[in-house]
Protein chains: 2
Amino acid sequence: MNLTLVLKVTAILLLVISGFMLAPILVAVYYAELDMLPAFVLPIVGVGIVCGGLLLFVRGRNGELSTRSGFFLVTLSWLSAAAVGAIPFVISQTIPSYIDAFFETMSGFTTTGATILTDIEALPKSILFWRSLTHWLGGMGIIVLTVAILPLLGVSGLQLMRAEAPGPSVDRLTPKITETAKILWLIYLGLTVLETALLMFGGLSLYEALTHTFGTLATGGFSPKAASVGHYTSAYVHIVITVFMMGAGINFILYYRLLKGQFSIIRRNTEVKAYLGIFAVASLIIAAALYGRTYAGFGESLRFAGFQAASILTTTGYATADFATWPQLAQVVLFILMFIGGSAGSTGGGMKVIRIVTAVKQGFNEMRYLIHPRGVFAIRLNGVPVRKDVVYNITGLVFLYLFLLLFTTLFVAIGGHNILTSVSTALVTLGNIGPGFGRIGPVENYGFYQPYIKVYLSLIMMVGRLEVYTVLVLLTPAFWKR
Amino acid sequence: MNLTLVLKVTAILLLVISGFMLAPILVAVYYAELDMLPAFVLPIVGVGIVCGGLLLFVRGRNGELSTRSGFFLVTLSWLSAAAVGAIPFVISQTIPSYIDAFFETMSGFTTTGATILTDIEALPKSILFWRSLTHWLGGMGIIVLTVAILPLLGVSGLQLMRAEAPGPSVDRLTPKITETAKILWLIYLGLTVLETALLMFGGLSLYEALTHTFGTLATGGFSPKAASVGHYTSAYVHIVITVFMMGAGINFILYYRLLKGQFSIIRRNTEVKAYLGIFAVASLIIAAALYGRTYAGFGESLRFAGFQAASILTTTGYATADFATWPQLAQVVLFILMFIGGSAGSTGGGMKVIRIVTAVKQGFNEMRYLIHPRGVFAIRLNGVPVRKDVVYNITGLVFLYLFLLLFTTLFVAIGGHNILTSVSTALVTLGNIGPGFGRIGPVENYGFYQPYIKVYLSLIMMVGRLEVYTVLVLLTPAFWKR
């Protein structure tokens, strides 16, 4: 393990993150929230001194970043980002408990959107801006992670993406990959500008447009409004956010391909087709359940249905209505969507559409052997057969994910919470969704959980965000053996 | 497809089943329920004429039973058994609706134990005896199915058992297999006599002892008492039934081995160890949750906890208490047990312990490749590495099972039922458990479901009971292609 290099990269990351705290400072100045300034200035100075000093100390020493170091670095960077990102909440006393602040920040960086806050709109705008900004930074981190780092570490399902990506080397971070990452960031930035502009066109202030855009593109879900996107009654705003949520849940490499004019690759993409298909079917079922009961018109029903289906499928977690009061069928469809998630290589969380598709295909594929025991059958994705070891790897991840879901359900239940609350807490934290059912419904929050459950859930959000394996591998004895 | 042979075997089966209707006739005579006699005599005569005639017609024609015919036969036999077994309920007007009677009988033959009856104790004893007897016959059917038929058809997870079984031929039903099946039936019969005697020793009448034994050994769960086993306050009765439920959830081949003195095979058996381990851990957690709250003493808490854990894990579904009123943690543990099930080769249903163990091991195994990408790692069961294609097959089945769980949840929700009710209905019907949570809790019943949901659930119980693949393969176009 190259600890020096790991610390060096972490220090750089923390400097970048604290650098981004300049943004909420601007907001604080603009909205005359001058008492909020220390909350951001102090961590900037503190991180600057500690991490800057560390960098001076280890200057020049580089060496190889081994696979092991890579895993360690990824987990350490998310942990330390949340640890540092929580500081402004505590200093400003907007979230006095550090555990609560850590939960909120981890929820931000993992683009989960689960909140412990009870009265969001009472908070200063600069603090809420920082809260939403953690989403945006986390989403950016996920893009570089899934495109540039995880494939090198061999983490499940992303080998599939690798086949799609423009030929990154399996061995080391090549200039070509950093090049790709840069282009993807530009796409992310471009989408940010576009959505912000469209939302401002719909009547939102720059501050409101930006915070909601951060939550959308990162598939995060934090809103500075207590009623989430439901605060806005404009159908235009709902539709813009629906479209951008769906866009954020698509593999970003496909945008790159789109820009290069390679439309055939998108047409052949199994995951995109399944993703859009699931969205369409779910929206229609929910709309049918809402129509004539919750909303009078079918168009209106479809708008609310589509928004919520997109929000849950992409693991964003925004709400335009309290779906916990919707007809049972609509709720069950949303519940089932919680098992799926966005696309691999997107900012969406969950198990990911591609893994679900592979798992279901694997289930049906095995039936062919019953009829033709001596046959050879392969699963096809994007029109080509998938190597058995890749399928094997994906199934392993799906099982670990399900195992963690049950374990988390049990862990939450130890605190005395009921089945629906425990199960949906597991689903929406591991899947980075945010709101669920029971006591963590769309108009509720996580504030009531015991501190030890908040700590556990903070870690589970990270485990889900980092594709499970990345974190769990650190817990195996084999990892630490020479 | 050799349809003649399929019809012939089905006809013999129906003759055997109608022959068993002589037993409730004895009960009816003994308890002077003479108005119940037509309910059993008519189907005996009817089946005798129809099936006897069919057999005379196809006499002499035999030929090969191909794999396809095998699958068709298995599904057809469960369907027709339930169709015929439902007749006494309708003729006696104890269950006037044929759909309800079919549901109840399918629940019996699949050893599920889900009931549509609202006032059980108001029913004649002969009818309740027949209801319990369907469990016992279904359990017997499952033993011959898992030991003699499914391994020949190559259905998932049972290859593992095949390695344990005393060398059955992979190609055809050999005398050796029928020999094994006979021995296993003798064990089943021996356990039946033993449990009946022990329960009578505890003060139950022969009728009560037999019906509860049928429900126990088949891991069924039908009780002629409204309060299920909770009707009896005797700790002795609870413990006897707990022990026999656990016994019924163990691979019956291990009893065969035990009789032959091959203890080392049992000691090395991964599934038995995991099964007992899960039972012990679940019982202790539930007991801890109950202790001091629901029950004053720890011994009493452990007894109720152990009974319910055994009942759910083995997919029996008996209850000594209304666990829906237990502390949340206890409920969540039971909920998680619903995902597991008994052992392969037992009368227990569910996904089966061995498949869960394989899936979890597969999840953790893949992590080793992250650390040593060029390594070769195998999953070990019973101390030996498992072939990849077997693991592949098992993972396929687990995925189909999970897919069916979600699909069934959605289907039930279409009827307007809430998340907890829909999810637990899917779990306890596909898993052949019986009672669940929400509106189908231990003191509730399935009577309120819409007829179309009852029909669907009847089929899903069958799909679960017949190891999913066996039935689903009939729905693939490839199955019907020449």
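Residues numbered from 1 in each chain as written. Chains lettered and ligands numbered in written order. Predicted model: local features only at pLDDT ≥ 70, side-chain atom pairs only at ≥ 80, totals over all residues. Heavy atoms only, no water.

### Details of the overall build of chain A
Summing up its helical and strand segments, chain A has 22 helices and two strands in all. At 22 Å, chain A has a C-alpha radius of gyration in line with the 23 Å of a compact globule built from 482 residues. In chain A, buried positions account for 62% of the 482 residues. Expressed as a percentage of contacts within chain A between residues at least 6 apart in sequence, the contacts between residues at least 24 apart total 71%. Accessible area of chain A: about 17,300 Å², with a carbon and sulfur share of 69%. Within chain A, one finds 31 positive and 19 negative side-chain charges whose respective centroids are separated by 14 Å. (Helix = DSSP H or I, 4+ residues; strand = E, 2+ residues; numbered from the N terminus. Rg over C-alpha atoms; globule rule 2.2 N^0.38 Å. Buried < 20%, exposed > 50% of the residue type's maximum accessible area, 1.4 Å probe, protein only. Contact = heavy atoms within 4.5 Å. Areas by Shrake-Rupley, 256 points an atom, 1.4 Å probe, with all protein chains shown as cover. Lys, Arg positive; Asp, Glu negative; His and termini not counted. Charge placed at Lys NZ, Arg CZ, Asp CG, Glu CD.)

### Some remarks on the interface of chain B and chain A
Across the boundary between the two partners, chain B contributes 55 residues, which contact 55 residues of chain A. In total, about 4,900 Å² of surface goes out of reach between chain B and chain A, with carbon and sulfur atoms giving 81% of it. Along the contact surface separating chain B from chain A lie zero salt bridges. Where chain B meets chain A, there are six residue pairs in polar contact (both at pLDDT 80 or more). The set of elements that each furnish at least two residues to the side of chain B that touches chain A consists of helix H4 (67-85), helix H16 (328-337), helix H17 (353-371), helix H18 (388-414), helix H19 (419-430), helix H21 (469-472) and helix H22 (477-480) of chain B. It is H18(B) that provides the largest number of residues to the side of chain B that touches chain A, a total of 16 residues. Taken together, the residues that form the side of chain B that touches chain A break down as 36 nonpolar, 16 polar and three charged. (Buried area = accessible area lost by both parts, 1.4 Å probe. Salt bridge = Lys/Arg side-chain N within 4 Å of Asp/Glu carboxyl O. Polar contact = N/O pair within 3.5 Å; in protein donor to acceptor, adjacent residues only side chain to side chain. Nonpolar A, V, L, I, M, F, W, Y, C, P; charged D, E, K, R; others polar.)

### Side note on the relation of the copies chain B and chain A
With an axial shift of 0.0 Å and an RMSD of 0.0 Å, the rotation relating chain B to chain A amounts to 180°. Within this description, the copies of the chain are treated as partners about a two-fold rotation axis. Mapped onto chain A, 100% of the interface residues of chain B again fall at the interface, so both copies present the same surface. (Least-squares fit on C-alpha atoms with pLDDT ≥ 70 in both.)

### Observations concerning the nonpolar core
If you look at the biggest cluster of nonpolar residues, it comprises 311 residues, and the most contacted ones within it are Trp326(A) and Trp326(B). With 15 residues, H18(B) is the largest single contributor of residues to this core. Once you skip the residues sitting within four places of it in the chain, Trp326(A) turns out to touch Ile286(A), Leu290(A), Thr294(A), Tyr295(A), Phe304(A), Ala305(A), Gln308(A), Ala321(A), Gln331(A) and Leu334(A). (Core = buried A, V, L, I, M, F, W, Y, C linked by side-chain atoms within 4.5 Å.)

### A few points about the confidence of the model for chain A
Residue and element names in this part refer to chain A. Model confidence for chain A is summarised by a mean pLDDT of 90, while 93% of its residues fall at 70 or above. The model gives residues 156-174 a pLDDT under 50, and that stretch makes 52 contacts with residues more than four places away or in other chains. In the model output, the complex is listed with pTM 0.93 alongside ipTM 0.92. (pLDDT = per-residue confidence, 0-100.)

### As for a positive patch on the surface
Side chains of Lys273(A), Lys361(A), Arg368(A) and Arg380(A) sit close together on the surface and give a patch of like positive charge. Relative to the helices and strands, Lys273(A) resides in helix H14 (residues 270-290). (Patch = residues over 30% accessible without salt bridge, like charges linked within 9 Å, V, L, I, M, F, W, Y side chains within 5 Å.)

### Description of helix H2 (residues 22-30) of chain B
An α-helix turns once per 3.6 residues; consequently, residues spaced three or four apart project the same way. Residue and element names in this part refer to chain B. For H2, every residue scored as buried is listed here: Pro24, Ile25, Val27 and Ala28. When H2 is viewed along its axis, its buried side chains cluster within an angular range of 160° and face the same direction. Seen from the buried face of H2, the exposed residues on the opposite side, beyond 90 degrees, are Leu22, Leu26 and Tyr30. Two residues or fewer past H2, Ala32 is found with a positive phi of approximately 55°. (Arc of directions from axis to C-beta.)

### Some thoughts on the packing of H2(B) against helix H3 (residues 37-58) of chain B
All names here are of chain B. Orientation of H2 relative to H3, taken along the N-to-C sense of each, is 155°, at an axis distance of 9 Å. Overall, the two elements H2 and H3 adopt an arrangement that is roughly antiparallel. You can see that H2 and H3 cross each other, and the crossing is left-handed. Of H3, the residues touching H2 (which contributes Leu22, Pro24, Ile25, Ala28 and Val29) are Leu37, Phe40, Val41 and Ile44. (Axes fitted to C-alpha atoms, helices over the stretch in contact; angles between N-to-C directions. Parallel < 35°, antiparallel > 145°, perpendicular 65-115°, else oblique. Left-handed = near helix turned anticlockwise from the far one by under 90°.)

### With respect to the pattern of salt bridges
Residues and elements named next belong to chain A. Counted by the stated rule, this structure contains 12 salt bridges over all chains. Between Arg131 and Glu104 there is a salt bridge, with the nearest N and O atoms lying 2.7 Å from each other. Pair noted here: Arg131 is in helix H7 (residues 125-153) and Glu104 is in helix H6 (residues 98-109), with a separation of 27 residues, a long-range link. This pair shows no difference in class: Arg131 is buried, exactly as Glu104 is. Here the salt bridges share partners, and the residues they tie into one network are Lys352, Arg355 and Glu467.

### Digging into the side chain of Ser311(B)
Residues and elements named next belong to chain B. Mapped onto the elements, Ser311 comes out in helix H15 (residues 298-313). Among the residues examined, Ser311 registers a relative accessible area of 0% and is labelled buried. A distance of 2.7 Å separates a polar atom in the side chain of Ser311 from the backbone oxygen of Tyr318.

### As for unusual backbone geometry
Residue Thr315(A) is not a glycine yet carries a positive backbone phi of 65°. Given a relative accessible area of 0%, Thr315(A) falls into the buried group. Not every positive phi belongs to a glycine, and Ala32(B) is a case in point at roughly 55°. Mapped onto the fold, Ala32(B) is located in the loop between H2 and H3.

### Re the environment of Gly46(A)
As for its placement among the helices and strands, Gly46(A) is situated in helix H3 (residues 37-57). Between the alpha carbons of Gly46(A) and Phe72(A) there is a distance of 24 Å; along the sequence they are 26 residues apart.

### Side note on the environment of Leu150(A)
Residues and elements named next belong to chain A. Structurally, the position occupied by Leu150 is in helix H7. On the basis of relative accessible area, Leu150 is assigned to the buried category, the value being 0%. Taking C-alpha positions, Leu150 is 8.6 Å from Phe71, a pair spaced 79 residues apart along the chain.

### Here we look at a nonpolar patch on the surface
Together, Met1(A), Leu3(A), Leu7(A) and Trp480(A) give the surface a local cluster of nonpolar side chains, amounting to about 400 Å² of exposed area. With respect to the helices and strands, the residue Met1(A) is situated in the segment before helix H1 (3-19).

### Concerning H3(A)
In this model H3(A) runs 30 Å from its N-terminal to its C-terminal C-alpha over 21 residues, within 8% of the 30 Å that 1.5 Å per residue would give. Where H3(A) is concerned, the buried positions are Ala39(A), Phe40(A), Pro43(A), Val47(A), Cys51(A), Gly52(A) and Leu55(A). (Expected span 1.5 Å × (residues − 1).)

### Considerations on the environment of Thr134(A)
All names here are of chain A. Relative to the assigned elements, Thr134 resides in helix H7. Its relative accessible area of 1% is what places Thr134 among the buried residues. Distance from Thr134 to Ser422, taken between C-alpha atoms, is 26 Å for residues 288 residues apart in sequence. Dropping the residues within four chain positions of it, Thr134 is found in contact with Thr105, Gly108, Phe109 and Phe222.

### A few points about the packing of helix H4 (residues 67-85) of chain A against H6(A)
Residues and elements named next belong to chain A. Two numbers describe how H4 lies on H6: the axes approach to 8 Å, and their chain directions differ by 125°. Taken together, H4 and H6 sit at an angle that is classed as oblique. In this structure, H4 crosses over H6, and the sense of that crossing is right-handed. Listed contacts from H6 to Trp78, Leu79, Ala81, Ala82, Ala83 and Gly85 of H4 are Tyr98, Phe102, Thr105, Met106 and Phe109.

### Here's the deal with the packing of aromatic side chains
Residues and elements named next belong to chain B. Under the criterion given, the structure shown has 54 aromatic pairs over all chains. Relative to Tyr207, the ring of Tyr31 lies with its centre 5.7 Å away and its plane at 65°, an arrangement referred to as edge-to-face. One end of the pair, Tyr31, is in the loop between H2 and H3; the other, Tyr207, is in helix H10 (residues 206-217), with 176 residues separating them in the sequence. Relative accessible area serves as the criterion here: at 30%, Tyr31 is assigned to the partly exposed category. Residue classification places Tyr207 among the buried positions, given a relative accessible area of 7%. (Phe/Tyr/Trp six-rings, centres within 6.5 Å; stacked < 30°, edge-to-face > 60°.)

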